[in-house]
Protein chains: 2
Amino acid sequence: MKASRIKITVEYDGADFVGWQAQNNGPSIQTALEVAIRSFSGEEQRVTGAGRTDAGVHALGQVAHFDLAMGIEPRKIVSALNAHLRELSISVLSAEKVPGDFSARFMATQRHYLYRILNREAPPAIERGRVWHVARPLEVPEMHEAAQLLVGKHDFTTFRSSQCQAKSPVKTLDKFDVVTRGEEIWFSLSARSFLHHQVRSMVGSLKLVGQGKWTVVNLKDSLKACDRKALGFNAPPHGLYLSRVDY
Amino acid sequence: MKASRIKITVEYDGADFVGWQAQNNGPSIQTALEVAIRSFSGEEQRVTGAGRTDAGVHALGQVAHFDLAMGIEPRKIVSALNAHLRELSISVLSAEKVPGDFSARFMATQRHYLYRILNREAPPAIERGRVWHVARPLEVPEMHEAAQLLVGKHDFTTFRSSQCQAKSPVKTLDKFDVVTRGEEIWFSLSARSFLHHQVRSMVGSLKLVGQGKWTVVNLKDSLKACDRKALGFNAPPHGLYLSRVDY
């Protein structure tokens, strides 16, 4: 019997995981999903995700695909997976059958990320582990203005991890908005694809702008340097969310 | 030296605690604060809260008071307490000196509660433990309409825990709004004071209205019955937040 290709959308809290990708040093989201698939279907299937989120990074709408030989309605896949994921902070939001050549990774046209800073003196209790706590007030308009310098097609070498496996450091950033949301500051980014650590590197540098330690010109120079040593610093993973993937 | 009375506002995630009040069966918010006060000041002080939240119930703005003999600026109290609460999901948002006869419990003029339902098929991953998950769609306008029957001065015996210690079951509910917030439904309630389990009992009964199992008339009859047996059921604690207290 010919297998069906299934596309799923997944929400997770990254705190308990070594990241999306299966690794030897602890539990991954990918492995948790593969175990859940095996548990309800008996099938050993590989799950491929749109974005390989790092340890501690969350997802509101990660997209992944896998094949399934058994005949089963997509909405029953959702409840079967969630039943087996009950003890974990992973939830399958939806499932649908897609053509056999669909790839969650290679066919994504836009990836959307959200980064949340809690900008108040007191540390988070309710949102502990889900926001980056910055106690000193940050200037949001300055950060938004600086972020616009990063929008467009650039060599993002400065904002790229040394472990990044992308062929080229040139990427096109389509959107980078910085807005106040109550006590939080939300950074919303969209691009076809991102370099490894790109979002966290850019948010870390923008924070310096928000503190007044960097000017907009400093950020521009940092981008132009095309040198990792010109980076401000990386924002921590637990404020970052893969919020949506478009196809 | 005369002690100062200190008023603090506190945020906490109730998941790890047996509730606000010190008990023998596990860690409480009250005890955690008393331990933190002792740790930085060396003083054994009793902390009194505005609302004795149950196990699992959260607070965005619980208010409490305590006395302190040592002379210390209020904003240093905030950082000292938070330094000692670092490992716990408790955060002190603010502190101020108040007159010696101030009582967080007895001088509150309004208590505001929020109840959050996540109303979607998939269980929560990010908001796990911070919302009540209801998979089937609920009718929000019907719930809001029914909630208005509970606003005003009533005998709330139906919505009162058998362990409630209040002298009278008659309370005045000033506000009960039910609105959609993305995938969530938010119930916002305000009153000078509430009976034990009153919010959870009312939300549990409104959920039956939202499901179409109860009509608005059923809810009215339930209130009029003044009988705990006429209750729909209690909503679980982990969707409930003490959001603000006014003086």
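Note that this is a predicted model, so its numbers are computed, not measured.

With that settled, the discussion passes to the overall build of chain A. A tally of helices and strands in chain A yields five helices and ten strands. Compactness check: chain A gives a C-alpha radius of gyration of 19 Å against a globular reference of 18 Å for 247 residues, within 12% of the reference. Considering only C-alpha atoms, chain A reaches an extent of 60 × 40 × 30 Å along its principal axes. Within chain A, counting contacts between residues at least 6 apart in sequence, those at least 24 apart form 70% of the total.

Let us look at the relation of the copies chain A and chain B. Overlaying chain A with chain B gives an RMSD of 0.0 Å, the required rotation being 180° about an axis along which the chain moves by 0.0 Å. Taken together, the rotation and translation relating the two chain copies correspond to the operation of a two-fold axis. Using C-alpha coordinates, one finds that chain A approaches the rotation axis most closely at Glu127(A), a distance of 4.7 Å.

With 27 residues of chain A at the interface, the matching set in chain B holds 27 residues. A combined buried area of about 1900 Å² lies between chain A and chain B, and 50% of that area is made up of carbon and sulfur atoms. Taken as a group, Ala125(A), Ile126(A) and Arg128(A) account for 30% of the area that chain A buries against chain B, more than any other trio of residues on that side. One can count four salt bridges joining chain A with chain B. On the surface where chain A and chain B come into contact, there are 16 residue pairs in polar contact (both at pLDDT 80 or more). Looking at the side of chain A that touches chain B, the elements with two or more residues in it are strand S1 (4–12), strand S3 (58–68), helix H2 (74–84) and strand S4 (90–98) of chain A. Here the side of chain A that touches chain B takes four residues from S4(A), the largest share from any one element. For the side of chain A that touches chain B, the residue count by class is 13 nonpolar, four polar and ten charged.

In this section: helix H4 (residues 198–210) of chain B. Under the 1.5 Å per step criterion, the end-to-end length of H4(B) is 18 Å for 13 residues, consistent within 8% with the ideal 18 Å. With its phi angle positive at about 80°, Gly212(B) sits one or two positions after the end of H4(B).

Evaluated as defined, the whole model comprises 28 salt bridges over all chains. One salt bridge connects Glu44(B) with Arg38(B), and the closest N-O pair in it is separated by 3.4 Å. Residue Arg38(B) is classed as partly exposed on the basis of its relative accessible area, which comes to 36%. Arg244(B) is the partner of Asp246(B) in a salt bridge, and the nearest nitrogen-oxygen pair spans 3.0 Å. Asp246(B) gets classed as partly exposed once you look at its relative accessible area, which sits at 22%. Since its relative accessible area comes to 47%, Arg244(B) is described here as partly exposed. Taken together, the shared-partner salt bridges connect Asp13(A), Arg116(A), Glu127(A), Arg130(A) and Glu184(A) into one network.

Attention shifts here to the domain arrangement of chain A. Residues and elements named next belong to chain A. Structurally, chain A comprises domain 1 (4–98) and domain 2 (110–246). Computed from C-alpha atoms alone, the centre-to-centre distance between domain 1 and domain 2 is 27 Å. If you look at the interface, domain 1 gives 15 residues, while domain 2 gives 16 residues. Interface of domain 1 and domain 2: buried area, both sides summed, is about 1100 Å²; carbon and sulfur atoms make up 55% of it. Among the residues domain 1 hides against domain 2, the three largest losses belong to Asp54, His58 and Leu60. Together they make up 42% of the total. In this structure, the connection of domain 1 to domain 2 is made through two salt bridges. One salt bridge connects Arg200 with Asp54, and the closest N-O pair in it is separated by 3.6 Å. The interface formed by domain 1 and domain 2 contains eleven residue pairs in polar contact (both at pLDDT 80 or more). Per-class residue counts for the side of domain 1 that touches domain 2 are six nonpolar, six polar and three charged.

Residue and element names in this part refer to chain A. Among the nine residues in strand S5 (residues 110–118), nine count as buried, and that is most of the element. Here S5 shows no split at all, with Gln110, His112, Leu114, Arg116 and Leu118 on one side and Arg111, Tyr113, Tyr115 and Ile117 on the other all buried. By the bridge criterion, six bridges tie S5 to strand S10 (residues 240–246) in an arrangement that is antiparallel. Each bridged residue has a counterpart across the sheet, and for Tyr113 the counterpart in S10 is Leu242. With eight bridges joining them, S5 and strand S9 (residues 184–191) adopt antiparallel strand pairing. Within S9, the residue paired with Arg111 across the bridge is Ala191. Here S5 pairs with strand S6 (residues 132–133) via two bridges, running parallel.

It is worth spelling out helix H1 (residues 29–41) of chain A at this point. Residue and element names in this part refer to chain A. Under the 1.5 Å per step criterion, the end-to-end length of H1 is 18 Å for 13 residues, consistent within 8% with the ideal 18 Å. All buried positions along H1 are accounted for by Ile29, Gln30, Ala32, Leu33, Glu34, Ala36, Ile37, Phe40 and Ser41. Lining the buried residues of H1 we find S1, S3, H2 and S4. Two residues or fewer past H1, Gly42 is found with a positive phi of approximately 75°.

Attention now goes to the pairing of S9(A). All names here are of chain A. Burial analysis of S9 places seven of its eight residues in the buried class, which makes it a mostly covered element. With eight bridges connecting them, strand S8 (residues 170–181) and S9 associate as antiparallel partners. Directly across from Lys175, in S9, lies its bridge partner Ser190. Adjacent in sequence and paired antiparallel, S8 and S9 are bridged by two residues, among which Gly182 carries a positive phi angle near 65°.

Residue and element names in this part refer to chain A. With respect to the helices and strands, the residue Thr172 is situated in strand S8. Classification of Thr172 as partly exposed rests on a relative accessible area of 36%. In this structure, the C-alpha to C-alpha distance between Thr172 and Lys153, residues 19 residues apart in sequence, is 4.0 Å. Residue contacts for Thr172: discarding those within four places in its chain leaves Gly152, Lys153, Ala191 and Arg192.

Rules used throughout
Residues numbered from 1 in each chain as written. Chains lettered and ligands numbered in written order. Predicted model: local features only at pLDDT ≥ 70, side-chain atom pairs only at ≥ 80, totals over all residues. Heavy atoms only, no water. Helix = DSSP H or I, 4+ residues; strand = E, 2+ residues; numbered from the N terminus. Rg over C-alpha atoms; globule rule 2.2 N^0.38 Å. Contact = heavy atoms within 4.5 Å. Least-squares fit on C-alpha atoms with pLDDT ≥ 70 in both. Buried area = accessible area lost by both parts, 1.4 Å probe. Salt bridge = Lys/Arg side-chain N within 4 Å of Asp/Glu carboxyl O. Polar contact = N/O pair within 3.5 Å; in protein donor to acceptor, adjacent residues only side chain to side chain. Nonpolar A, V, L, I, M, F, W, Y, C, P; charged D, E, K, R; others polar. Expected span 1.5 Å × (residues − 1). Buried < 20%, exposed > 50% of the residue type's maximum accessible area, 1.4 Å probe, protein only. Domains from an automatic or database assignment. Pairing = 2+ DSSP bridges.

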